[in-house]
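A structural walkthrough
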Amino acid sequence: MITVEELRVKLGGDEVLKGVSAVFLGKHIVLGPNGSGKTTLFRAITGLVPYRGRIEVDGRPLKEIKGATGVLATNLAEVYYLAPVKALELLHLFSDLAGADPLRALALLEELGVSERLLGKRRFWELSAGTRKAFTTALALASGARNVLLDEPFEQLDPAKKVKLVGELKRYNGVITMNTHETWVLEALPEWEVHLAFEGRLYGPIPAGKLAGAAIVEGKSSGALAVIETRAGCFSLVEGGEGAALTELLTLDRVYELLTSSSLGRGGWK
Amino acid sequence: MTLYLLYKLKGLVTDRSGLFWGVAFTLFWVLMWAYVFTRVEEPLPPRDILEKMLRVSAALAYSYLGGLSMGSVAVGLAISAFASSSAVAFATRFTRLTPAKYLLEDFLAGVAAVVAYALACVAMVVAATYARFRVLALPENPPLLVAYLSLCGVLLYWLSRAVSLAMLALGKPRLPLLQMVPLILAFLNYATLWVDLAERVYALPLAPLLSLIVSAASGIEPATGGWLVGGWLWEALARGAAPKPPNTLSAPLALATTAAWAAALAALSLALARRVKGVPLEELVPS
């Protein structure tokens, strides 16, 4: 279980997280457009950026955790650059340190289309962005940690591999918190809890199944699943509303497009 | 040996830029030293005197050229420490690599890499000297030589660590000049072949150690610099006498100042380590 309370992060003078509070217990999606603070939230939870507020992992304050295996794993690329060696050696090194199963990681990578041979030939930073993402996601899942943070795990995967990864995520026996800006996951993982991320704030949790059928309408609506304030305007997510269906946006980045579009109507967007 | 220590060491000694600057670049200067700068004019001195002169020449070469090689490794150490800062922050929290284990293993790997490159430089100089003069200019006191090289490793490790943490503290992921500080220092020390700094040499990190290396490898008294000026060295050797430097380096004082530099850099590194966090991978330029 991961608990964050009144979490604030400033980067380069800008407040990227503005008092975020949430409990991640079970399977969660943090869904938000680019620049909403999703990755910064994960970086804070993994101890990579300075923060104010409270972060606890399995009931222990983050600042007190040292040398604890099986507690938390992530696919953030920067946590894997421990030594300038070949990616395969890095896989074995990380498996050794984190108590992960290297064979499980290799099997997962094979499923995601990354061969052991390729990993034996290239250093980690020489891999393509997509392969690097698959590499770190496989290692995070093979760790068997009680809490897993996955940053945009579907990025640059083809549809067949996305389906395979969804299966792995469903089978994983532990807490998973995954962030993405892609809305198709709402239909693929309807039983997961969703936290919507906008401009450094979290809204929710809301069951993904409910959001999958929700529509976006401008302004505040009574009985809305969520009312979200942004710099570009306020909008509500309503079940069965007349606005644009959330899943039709494909990516939440398009919300801003809609909010600034001249064709907005009070009743919703078509 | 743990897997982290093994891979860290392997990464450092197989790093392409490290191999270029620490081996290929050094080899070029070793060959220049052996074939261009080392002139033995006819008539040749007696064999025992020639061997002694070549042993001193080789000692000067692998001490001061080794300094450049070690400086290059230290640059690699700084870049590697900088690039792995986020990974270390995570691993010391959520893997069995505790902060104490990390500090120890990273230190051992760093020092071992510096010594490995320095020994490669010693081997290159010995081989080049043999290839040109058919004289095997082996060090006079190998254990002491290795001990001094290890001290160079300790000093340069902490220097590279202080440099990488300073880069992080400044929040500038790309500061090429700052990361080159160990190599700049090595070049400054190289200049002491011609410049005698007298007692000021103790203020310069590394320079006193390089002089001690020459002494351990050749058996002559250590100088505060100016090895190649004034003729005191070669004239005495040609006469078969023991060279007496104009200013003799005090070994205890040299070791004390080196220890003070290493301690100061270690303290600075540990203080900076408490203030900084890592940088995301995407902000780094691969070396």
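Our structure's up above, just so we're on the same page.
Computed from a predicted model, the values in this text were never measured in an experiment.

Residue and element names in this part refer to chain A. Within the span of helix α3 (residues 102-111), buried status applies to Ala105, Leu106, Leu108 and Leu109. One side of α3 carries all its buried residues, which in axial view fall inside an arc of 160°. Turned more than 90 degrees away from the buried face of α3 sit Leu103 and Glu110, all of them exposed. At its buried positions, α3 is contacted by α2 (87-98), α4 (116-121), α5 (129-142) and α6 (159-171). Sitting at the amino-terminal end of α3 is Asp101, which places a side-chain oxygen 3.1 Å from the backbone nitrogen of Leu103. Phi for Gly113, located one or two positions after α3, is positive at around 85°.

Here we take up the interface of chain B and chain A. Counting residues at the interface gives 34 residues for chain B, matched by 39 residues for chain A. For the pair chain B and chain A, the two sides together bury roughly 3200 Å², of which 65% comes from carbon and sulfur. With its nearest N and O atoms 2.2 Å apart, the salt bridge here joins Lys10(B) to Glu89(A). Applying the counting criterion to the chain B and chain A interface returns 10 residue pairs in polar contact (both at pLDDT 80 or more). For the side of chain B that touches chain A, the secondary-structure elements that each account for two or more residues are α1 (3-14), α3 (47-83) and α4 (85-94) of chain B. Considering each element in turn, the side of chain B that touches chain A owes the most residues, nine residues, to α4(B).

The geometry of an aromatic ring pair is captured by the separation of the ring centres together with the interplanar angle, meaning the angle of the planes. Residues and elements named next belong to chain B. Following the criterion strictly, the structure yields 17 aromatic pairs over all chains and no others. Taking 5.2 Å as the distance between ring centres and 90° as the angle between the ring planes, the aromatic pair formed by Phe107 and Tyr157 counts as edge-to-face. Placement of Phe107 in helix α5 (residues 99-133) and of Tyr157 in helix α6 (residues 142-170) is noted, with a sequence separation of 50 residues between them. An aromatic cluster of at least three residues, connected via ring pairs, comprises Phe20, Trp21, Phe25, Phe28, Trp29 and Phe37.

What follows covers the pairing of strand β12 (residues 226-230) of chain A. Residues and elements named next belong to chain A. Of the two faces of β12, the one holding Ala226, Ile228 and Thr230 is buried and the one holding Val227 and Glu229 is not buried anywhere. Where β12 lies against strand β13 (residues 233-239), five bridges are found, and the strand directions are antiparallel. By the bridge assignment, Ala226 is partnered in β13 with Leu237. Counting the residues that bridge the hairpin from β12 to β13 gives two residues.

All names here are of chain A. Strands sit in the order β12-β13-β11-β14 across an open sheet of four strands; the sheet is antiparallel. Looking at the sheet topology across the chains shown, the edges are occupied by β12 and β14 (244-245). Relative to β14, strand β11 (residues 214-218) is paired through two bridges, and the arrangement is antiparallel. Bridge pairing in β14 places Ala215 opposite Ala245.

All names here are of chain A. For the peptide bond that leads from Gly204 to Pro205, omega is 10°, which places it in the cis range. Checked against the element boundaries, Pro205 lands in strand β10 (residues 201-207). Here the phi dihedral of Glu6 falls at roughly 50°; this positive angle occurs in a residue that is not glycine. Here Glu6 is to be found in strand β1 (residues 2-11). For Glu6, a relative accessible area of 42% gives the class partly exposed. At Asp58, a position not held by glycine, the phi torsion is positive, near 50°.

Attention now moves to the side chain of Lys27(A). Residue and element names in this part refer to chain A. Here Lys27 shows up in strand β3 (residues 27-31). Of the side chains bearing the opposite charge, Glu191 lies closest to the buried Lys27, which forms no salt bridge; the N-O distance is 7.0 Å. Ignoring any residue separated from it by four or fewer positions in sequence, one finds Lys27 in contact with Leu169, Lys170, Tyr172, Gly174, Ile176, Trp192 and Glu193.

What follows is about empty space enclosed by the protein. Residues and elements named next belong to chain A. Applying the stated criterion to the full structure yields five cavities of 30 Å³ or more. Here the largest cavity is characterised by a volume of approximately 100 Å³. Every residue lining the largest cavity is counted, 15 residues in all, and those nearest its centre are Leu72, Ala73, Phe94, Ala98 and Ser143. Class assignment of the residues belonging to the lining of the largest cavity gives a composition of nine nonpolar, six polar and no charged. Volume-wise, the second largest cavity comes out at about 50 Å³.

About the cut-offs
Residues numbered from 1 in each chain as written. Chains lettered and ligands numbered in written order. Predicted model: local features only at pLDDT ≥ 70, side-chain atom pairs only at ≥ 80, totals over all residues. Heavy atoms only, no water. Buried < 20%, exposed > 50% of the residue type's maximum accessible area, 1.4 Å probe, protein only. Helix = DSSP H or I, 4+ residues; strand = E, 2+ residues; numbered from the N terminus. Arc of directions from axis to C-beta. Contact = heavy atoms within 4.5 Å. Polar contact = N/O pair within 3.5 Å; in protein donor to acceptor, adjacent residues only side chain to side chain. Buried area = accessible area lost by both parts, 1.4 Å probe. Salt bridge = Lys/Arg side-chain N within 4 Å of Asp/Glu carboxyl O. Phe/Tyr/Trp six-rings, centres within 6.5 Å; stacked < 30°, edge-to-face > 60°. Pairing = 2+ DSSP bridges. Lys, Arg positive; Asp, Glu negative; His and termini not counted. 1 Å grid on protein atoms, 1.4 Å probe; cavity = no way out; pocket = protein on both sides within 12 Å on 5 of 7 lines; lining within 4 Å. Points joined across faces, edges and corners; volume = space filled by probe spheres on them. Nonpolar A, V, L, I, M, F, W, Y, C, P; charged D, E, K, R; others polar.

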